[in-house]
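Below are the chains, spelled out letter by letter.
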Amino acid sequence: MPILVDPDARFASTVQVVVIGAGGAGVTASLAASSAGASVLLLDRDATPGGATACSSGMVPAAGTEAQIARGIADSAQKFAEDIQTKANGSADAVRVKALTVASAQVLEWLHKQHKIRFDLVEGVAPGHSVPRMHALADRGGATLLSAMYSALGAHGVRMRTSAEVVDLVVDNAKRILGVRYKRNGTVEAVGCEALILACNGFAGNPELIAQYLPDVRALPFAGHEGSQGEALSWGTELGAKLADIDGFLAHGAVVLAHRLPLPWSLMTEGAVQVNRDGERFINEHEGYSESALFVLAQPASMAFMIYDERVHEIGLTMPNYATAVTSRIVKRGASLRDLADQLGVQRDGLEATIGLVNALAFDDAADEFGRKFRATQMLLGPYYGVPVTAALLGTEGGLAVDVSGRVMRDDGSLFSNLFAAGGAARGVSGDAAGGYLEGNGLLSAVVGGYLAGRGAAEVVAR
Ligand SMILES: Cc1cc2nc3c(=O)[nH]c(=O)nc-3n(C[C@H](O)[C@H](O)[C@H](O)COP(=O)(O)OP(=O)(O)OC[C@H]3O[C@@H](n4cnc5c(N)ncnc54)[C@H](O)[C@@H]3O)c2cc1C
């Protein structure tokens with residue numbers, strides 16, 4: 001993935017803005033740049049793009065939206081920023097957090113009014129958020145969201161080239177981007193541009209970069225999108241860009257690995273618990289799914305089991321990933337805890353003792369040794385359900401440091417003149433530690449960060 005320094009480079013074709021990566025960040029950036037009047041070419045390596053965005057829940061957090069106001073929910077960018085910083089222990093970049101939270105409602109309204117992509121407010125409060133703040137299309141899911149965005153791209157006349165893997169960036173002596181070279185159908189093509197947006201996600205799918213930057217999570221199996229190979233990081237490093245929050249990551253402690261299926265962690269807030277093969281709990285499941293991953297990894301055979309009852313199961317059925325797990329026959333049902341334990345291969349006495357204690361705590365509205373508070377309304381009553389899960393790495397949260405408009409920073413804090421990054425290619429808002437990921441941070445950085453980068457790039461080319 002070299003940087004080619006060629007101040008005299010000539011290109012057979014040119015466009016104002018090139019965007020690398022057609023996931024949530026790249027598509028929103030392309031729409032934003034195009035809506036602001038720039039000509040755009042969007043390139044993606046895959047024949048049928050989707051990226052990590054297509055694997056996600058498609059729920060975008062936003063504060064102060066019309067949908068929230070209509071439901072009488074008082075929210076603000078500041079409250080949203082506080083929730084993000086609480087989860088990140090204050091280590092998320094305050095400037096980036098402010099830029100994304102302030103723009104969040106505006107971006108969803110813009111997608112609705114300009115591009116007919118309408119988000120509804122999702123019922124319930126996601127873990128770590130202080131109010132209902134997740135927004136999704138009526139047909140949930142990341143793939144549905146992207147497909148609506150691809151339709152908007154088509155309607156807006158944005159050109160997208162698939163099966164187009166960008167291999168080199170071409171720059172002048174001052175490291176101003178002049179264009180890119182990409183492989184397509186066995187040949188290398190080149191296109192010149194006035195601004196470049198890196199929207200090719202992070203480096204979670206690249207074991208060498210994981211070993212170099214995130215050795216602690218090296219043992220986690222990868223269940224994200226294979227396209228997260230870290231080109232933005234490599235190009236940025238070679239250009240002298242600043243890297244930020246490189247220790248941050250997105251993992252998940254309840255993944256059905258054979259299907260690369262993260263189960264909805266909100267089932268934990270509804271009353272589900274997680275046990276190991278001995279039937280013992282080992283974490284406060286309300287702390288969040290990303291930081292739970294390393295605890296799951298440390299359990300016997302690196303396995304855990306989500307245990308819950310019919311009430312929680314019914315709630316789960318409204319969520320696409322859980323419904324998929326049910327139709328794939330991964331979810332087991334037992335008339336009694338002993339029956340369920342046998343089906344799951346969990347120690348019977350251990351499971352009975354654990355659920356007995358959970359219900360006793362719930363009866364008293366009390367907290368356990370891990371700090372989880374149980375509620376009387378969430379006692380677990382038969383029939384019981386369970387599903388075997390493991391932990392997996394889904395993405396990285398660190399990346400290229402950027403300013404409010406997504407413009408990439410050099411190591412000395414100055415800005416590249418025409419290089420932008422968004423989504424997983426840029427630093428996120430999860431700070432620099434394991435537990436910093438607040439649900440929705442990924443799509444916030446992709447969709448809202450993509451919009452800001454698209455607008456920023458269009459401004460640069462309009463000058
Ligand atoms: C299983 C899973 C579930 C998740 N669930 C959630 C969730 O519920 N909520 C949430 O907020 N976040 C979630 N995330 C995280 C979220 O999906 C990502 O943070 C976000 O989608 C990243 O968007 P992106 O556009 O930066 O990257 P992507 O969507 O991955 O898009 C990057 C694109 O770049 C392309 N590309 C890469 N390199 C090149 C190259 N050299 N040339 C051309 N193209 C290239 C790839 O093919 C890909 O299509 C989840 C992630 C995973 C893996």
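Treat the numbers as computed from the prediction; the structure is a model and nothing was measured. (Residues numbered from 1 in each chain as written. Predicted model: local features only at pLDDT ≥ 70, side-chain atom pairs only at ≥ 80, totals over all residues. Heavy atoms only, no water.)

(A) Quick look at the overall build of the protein chain. If you tally the helices and strands in the protein chain, you get 15 helices and 20 strands. For 463 residues, the compact-globule estimate of 2.2 N^0.38 gives 23 Å, and the C-alpha radius of gyration of the protein chain, at 23 Å, lies within 12% of that figure. Overall, the protein chain is about 75 × 45 × 40 Å in size when its C-alpha atoms are taken along their principal axes. For the protein chain, the residues scored as buried account for 58% of the 463 residues in total. Sequence-distant contacts in the protein chain: of pairs separated by 6 or more residues, those separated by 24 or more amount to 72%. Accessible surface, the protein chain as shown: approximately 17700 Å² in total, 51% of it carbon and sulfur. Side-chain charges in the protein chain split into 38 positive and 49 negative, and the spacing between the mean points of these groups amounts to 5 Å. (Helix = DSSP H or I, 4+ residues; strand = E, 2+ residues; numbered from the N terminus. Rg over C-alpha atoms; globule rule 2.2 N^0.38 Å. Buried < 20%, exposed > 50% of the residue type's maximum accessible area, 1.4 Å probe, protein only. Contact = heavy atoms within 4.5 Å. Areas by Shrake-Rupley, 256 points an atom, 1.4 Å probe, with all protein chains shown as cover. Lys, Arg positive; Asp, Glu negative; His and termini not counted. Charge placed at Lys NZ, Arg CZ, Asp CG, Glu CD.)

(B) View of the pattern of salt bridges. Throughout the structure, instances matching the rule amount to 20 salt bridges. A salt bridge links glutamate 231 to arginine 45, with the shortest nitrogen-to-oxygen separation between them at 2.2 Å. One end of the pair, glutamate 231, is in helix H8 (residues 231–239); the other, arginine 45, is in the loop between strand E3 (40–43) and helix H2 (51–55), with 186 residues separating them in the sequence. Take glutamate 231: its relative accessible area is 6%, and that puts it in the buried class. (Salt bridge = Lys/Arg side-chain N within 4 Å of Asp/Glu carboxyl O.)

(C) View of the environment of arginine 184. Summarising the element assignment, arginine 184 is placed in strand E9 (residues 177–184). The spacing of arginine 184 and alanine 164 is 20 residues in sequence and 4.9 Å in space, taken between C-alpha atoms. Sequence-distant contacts of arginine 184, that is, excluding residues within four places in its chain, are made with Arg161, Thr162, Ser163, Ala164 and Glu189. Separated by 2.9 Å, the side chain of arginine 184 and the backbone oxygen of threonine 162 make a polar contact. (Polar contact = N/O pair within 3.5 Å; in protein donor to acceptor, adjacent residues only side chain to side chain.)

(D) Representation of the site of the ligand. By nearness alone, 39 residues border the ligand, and Asp44, Ala52, Thr53, Ser57 and Asn201 come closest of all. One nitrogen or oxygen atom from the main chain of alanine 25 is found 2.9 Å from an oxygen atom belonging to the ligand. In this structure, a nitrogen atom belonging to the ligand sits 3.2 Å away from a side-chain N or O atom of tyrosine 437. Here the ligand has 990 Å² of accessible area as a free molecule, and 96% of this is covered by the chains. Split by residue class, the shell around the ligand holds 17 nonpolar, 17 polar and five charged. (Near = heavy atom within 4 Å. Nonpolar A, V, L, I, M, F, W, Y, C, P; charged D, E, K, R; others polar.)

(E) Examining the state of the cysteines more closely. Scanning the entire structure with this criterion turns up zero disulfides. Free of any disulfide, cysteine 193 has its nearest cysteine sulfur in cysteine 200, 13 Å distant. Given a relative accessible area of 9%, cysteine 193 falls into the buried group. For cysteine 200, a relative accessible area of 13% translates into the label buried. (Disulfide = S-S within 2.5 Å.)

(F) Quick peek at the packing of aromatic side chains. Enumeration over the complete set of coordinates arrives at six aromatic pairs. Consider the rings of tryptophan 110 and tyrosine 451, whose centres lie 4.8 Å apart with planes at 65°: the pair is edge-to-face. On the criterion of sequence distance, the pair formed by tryptophan 110 in helix H5 (residues 94–115) and tyrosine 451 in helix H15 (residues 441–462) is long-range, its members being 341 residues apart. Comparing tryptophan 110 with tyrosine 451 shows no difference in burial state: the two are buried. Judged by centre distance (6.0 Å) and plane angle (5°), the ring pair of tyrosine 308 and tyrosine 385 falls under stacked. (Phe/Tyr/Trp six-rings, centres within 6.5 Å; stacked < 30°, edge-to-face > 60°.)

(G) Spatial organisation of the nonpolar core. Val17 and Leu111 are the most contacted members of the largest nonpolar core, which totals 56 residues. Breaking this core down by element, the ones donating at least two residues are strand E2 (14–20), helix H1 (24–35), E3, helix H4 (77–87), H5, helix H6 (142–155), strand E10 (187–198) and H15. It is H15 that contributes the most residues to this core, twelve residues altogether. In terms of nonpolar packing, the next biggest core, distinct from the first, is built from 46 residues, Val217, Leu263, Met306 and Ala391 among them. (Core = buried A, V, L, I, M, F, W, Y, C linked by side-chain atoms within 4.5 Å.)

(H) Examining H6 more closely. Counted at 1.5 Å a residue, the expected span for H6 with its 14 residues is 20 Å, and the 20 Å between its end C-alpha atoms agrees. Of all the positions in H6, only Gly142, Leu145, Leu146, Met149, Ala152 and Leu153 are classed as buried. Taken down its axis, H6 places every buried residue within 115° of arc, on the same side. Projecting away from the buried face of H6 at angles above 90 degrees are the exposed residues Ser151, Gly154 and Ala155. (Expected span 1.5 Å × (residues − 1). Arc of directions from axis to C-beta.)

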